[in-house]
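Residues per chain, in single letters:
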Amino acid sequence: MSAGFSVILTYWKIYDSVLDECWYKAIISRFLKCLMRKAYKKAAGKYPSFDQAVRFNLSELWDLEKNGESSIDKCADKFASILSAASAAQEDNGVRRARDQLLYHVGRIVYIADAYHDLADDMNAKKRDGLTLLY
């Protein structure tokens with residue numbers, strides 16, 4: 001199960017890289033996406049509910065980011081929901097709620113840490129674009 005989830009998450013991470021980069025920087029990501037396609041289809045066929053949760057939450061996260069959402073909590077919630085979905089796809093052995101909460105909060109921490117790591121680059125990009133910073 002973990003391998004299938006990893007393939008699904010990796011595929012969508014590569015897909016996100018294709019969307020985020022300009023065409024010449026995304027060449028490697030496009031190549032990796034093609035290499036991953038067969039494994040992704042197999043994993044998505046085996047775990048359709050997890051793949052659907054990842055697609056749904058990433059789509060909403062991309063919309064929030066594209067529209068310049070200023071609340072990091074809304075964005076972090078979407079990413080956290082992706083990791084939380086991994087818990088829902090596993091059988092309930094009495095610890096599902098604890099596992100769900102753990103994965104959700106780890107997802108929030110990862111998103112916020114990544115946003116902090118990218119903050120300086122984002123600020124420089126907005127200065128270059130002539131945009132007013134909200135940070």
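In case you missed it, the structure is sitting above this.
*Asks:* Looking at this model, I keep getting lost on helix H4 (residues 72-88). Mind explaining?
*Replies:* Turn by turn, an α-helix covers 3.6 residues, leaving residues three or four places apart pointing in a common direction. The first and last C-alpha atoms of H4 sit 24 Å apart over 17 residues, in line with the 24 Å expected at 1.5 Å per residue. By the largest-angle criterion, isoleucine 82 marks the main kink of H4, which is about 25°. Among the residues making up H4, those that are buried are Cys75, Ala76, Lys78, Ala80, Ile82, Leu83, Ser84, Ala85, Ala86 and Ser87.

*Asks:* It is not clear to me how the side chain of serine 87 should be interpreted in this structure. Could you clarify?
*Replies:* As for its placement among the helices and strands, serine 87 is situated in helix H4. Residue serine 87 is classed as buried on the basis of its relative accessible area, which comes to 0%. Polar side-chain contacts of serine 87 include one of 3.4 Å to the backbone oxygen of arginine 96. Here arginine 99 takes part through its side chain, which lies 3.2 Å from a polar atom of the side chain of serine 87. If we ignore the near neighbours within four places in the chain, the residues touching serine 87 are Arg96, Arg99, Asp100 and Leu103.

*Asks:* Explain the pattern of salt bridges to me, please; I cannot follow it from the model alone.
*Replies:* Pairs can form between side chains of opposite charge whenever their charged atoms are close. In this structure the tally under the stated criterion is three salt bridges. One salt bridge connects arginine 55 with aspartate 51, and the closest N-O pair in it is separated by 3.2 Å. Separated by four residues within a single helix, arginine 55 and aspartate 51 lie in helix H3 (residues 48-66), roughly one turn from each other. Classification of arginine 55 as partly exposed rests on a relative accessible area of 43%.

Calculation criteria
Residues numbered from 1 in each chain as written. Predicted model: local features only at pLDDT ≥ 70, side-chain atom pairs only at ≥ 80, totals over all residues. Heavy atoms only, no water. Helix = DSSP H or I, 4+ residues; strand = E, 2+ residues; numbered from the N terminus. Expected span 1.5 Å × (residues − 1). Bend = angle between axes of the 7 residues up to and from the residue. Buried < 20%, exposed > 50% of the residue type's maximum accessible area, 1.4 Å probe, protein only. Polar contact = N/O pair within 3.5 Å; in protein donor to acceptor, adjacent residues only side chain to side chain. Contact = heavy atoms within 4.5 Å. Salt bridge = Lys/Arg side-chain N within 4 Å of Asp/Glu carboxyl O.

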